[in-house]
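Each chain, letter by letter, is given below.
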Amino acid sequence: MRPSWDEYFMEIVELVKKRSTCLRRQVGALIVKDKRILATGYNGAPTGCRHCEELGCLRQQLNIPSGQRHELCRAIHAEQNAIIQAAYSGTSVKGGTMYITCQPCVLCAKMIVNAGIEKIVFRGAYPDELSMEILSEAGIDVVRLDQN
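These numbers come from a predicted model, not from an experiment.

Rules used throughout
All residue numbers refer to positions counted from 1 along the written sequence of the respective chain. Local features are withheld for residues below a pLDDT of 70 in this predicted model, meaning they are given only at 70 or higher, and side-chain atom pairs are given and counted only at 80 or more; totals for whole chains, interfaces and linings count all residues. Side-chain descriptors were evaluated using all non-hydrogen atoms of the structure, hydrogens and water having been removed beforehand. Salt bridges, as used here, are contacts in which a Lys or Arg side-chain nitrogen is within 4 Å of a carboxyl oxygen on Asp or Glu. Two cysteine sulfur atoms make up a disulfide if the distance between them is within 2.5 Å. Comment: elements are numbered from the N terminus, with helices defined as DSSP H or I runs of at least four residues and strands as E runs of at least two. Every residue pair with non-hydrogen atoms within 4.5 Å of one another is taken to be in contact. Side-chain atoms within 4.5 Å link the members of a nonpolar core, which is a set of buried Ala, Val, Leu, Ile, Met, Phe, Trp, Tyr and Cys residues. Buried, partly exposed and exposed residues are distinguished by accessible area as a fraction of the type maximum, computed with a 1.4 Å probe on protein chains only: under 20%, between the cut-offs, and over 50%, respectively. Whenever a nitrogen or oxygen atom comes within 3.5 Å of another N or O atom, the pair is scored as a polar contact, on the condition that within protein one atom can donate a hydrogen and the other can accept it, and that pairs from neighbouring residues in sequence are kept only if both atoms are in side chains.

Draft legend 1. How the structure looks around the pattern of salt bridges. In this structure the tally under the stated criterion is four salt bridges. With a shortest N-O distance of 3.7 Å, Asp146 and Arg144 are connected by a salt bridge.

Pasting the structure below:
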């Protein structure tokens with residue numbers, strides 16, 4: 001059976017997340033406009049920096065719960081990497097849709113809003129209610145696509 005566009009892009013983002021170097025949660029993101037892929041991103045250390053796979057996870061060592069103290073992480077989130085990748089190549093994401101393997105955190109939600117992305121399709125929960133409040137207030141169309 002032929003997948004819907006949302007299912008198609010979610011399958012691609014599941015592959016993108018496999019590049020993640022995070023020890024706690026692998027996340028992938030994909031920005032699409034007019035059914036064309038503009039950029040991809042996964043969570044991992046900045047370019048040229050050592051990955052958590054090499055150094056260990058500071059958040060894990062300090063027993064920091066998921067969704068808290070983002071500043072104590074070496075990784076850039078998948079959503080941030082996708083937006084940065086588009087900017088790096090001079091590609092506007094305004095009016096686009098972002099596909100993500102889990103709900104964005106509040107930091108990513110704010111970046112998504114300011115990047116002009118109009119819709120988010122995601123799977124998987126994330127413990128951050130404020131992100132959903134901000135996305136709703138900004139008028140971002142948010143769709144949770146349950147796994148079949």
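From this point, the discussion proceeds with the structure in view.
Draft legend 2. Expanded view of the state of the cysteines. Applying the stated criterion across every chain yields a total of zero disulfides. Just so you know, Cys102 is unpaired, no disulfide at all, and the nearest cysteine sulfur is the one on Cys105, 8.7 Å from it. Considering cysteine sulfurs only, Cys105 is the nearest to Cys108, which forms no disulfide, with 3.8 Å between them.

Draft legend 3. Examining the environment of Gly95 more closely. Within the element layout of this structure, Gly95 appears in the loop between α4 (78-88) and β3 (97-100). For Gly95 and Glu118, which are 23 residues apart along the polypeptide, the C-alpha to C-alpha distance reads 5.3 Å. When residues no more than four places from it in sequence are discounted, the contact partners of Gly95 are Lys33, Gly116 and Glu118.

Draft legend 4. Summary view of the nonpolar core. With 19 residues, the main nonpolar core has Ile31, Ile83, Met98, Ile100, Ile112, Ile117 and Ile120 as its most contacted residues. When residues of this core are traced back to their parent elements, those giving at least two are β1 (28-33), α4, β3, α5 (106-115) and β4 (119-122). Among the elements that make up this core, the one with the highest residue count is α4 (four residues). When neighbours within four sequence positions are excluded, Met98 is seen to be in contact with Ala29, Leu30, Ile31, Glu79, Ala82, Ile83, Ile112, Ile117, Lys119, Ile120 and Val121. Phe9, Leu30, Val32 and Leu145 belong to the second-largest nonpolar core, a separate cluster that totals eight residues.

Draft legend 5. Expanded view of the side chain of Thr21. Relative to the assigned elements, Thr21 resides in the loop between α1 (5-16) and β1. Classification of Thr21 as buried rests on a relative accessible area of 9%. Polar contacts involving the side chain of Thr21 include one to the side chain of His51, which spans 3.0 Å. Setting aside residues no more than four positions away along its own chain, Thr21 makes contact with Asn43, Gly44, Ala45, His51, Cys52 and Glu53.

Take it as geometry only, folks, not as evidence of what the structure does.
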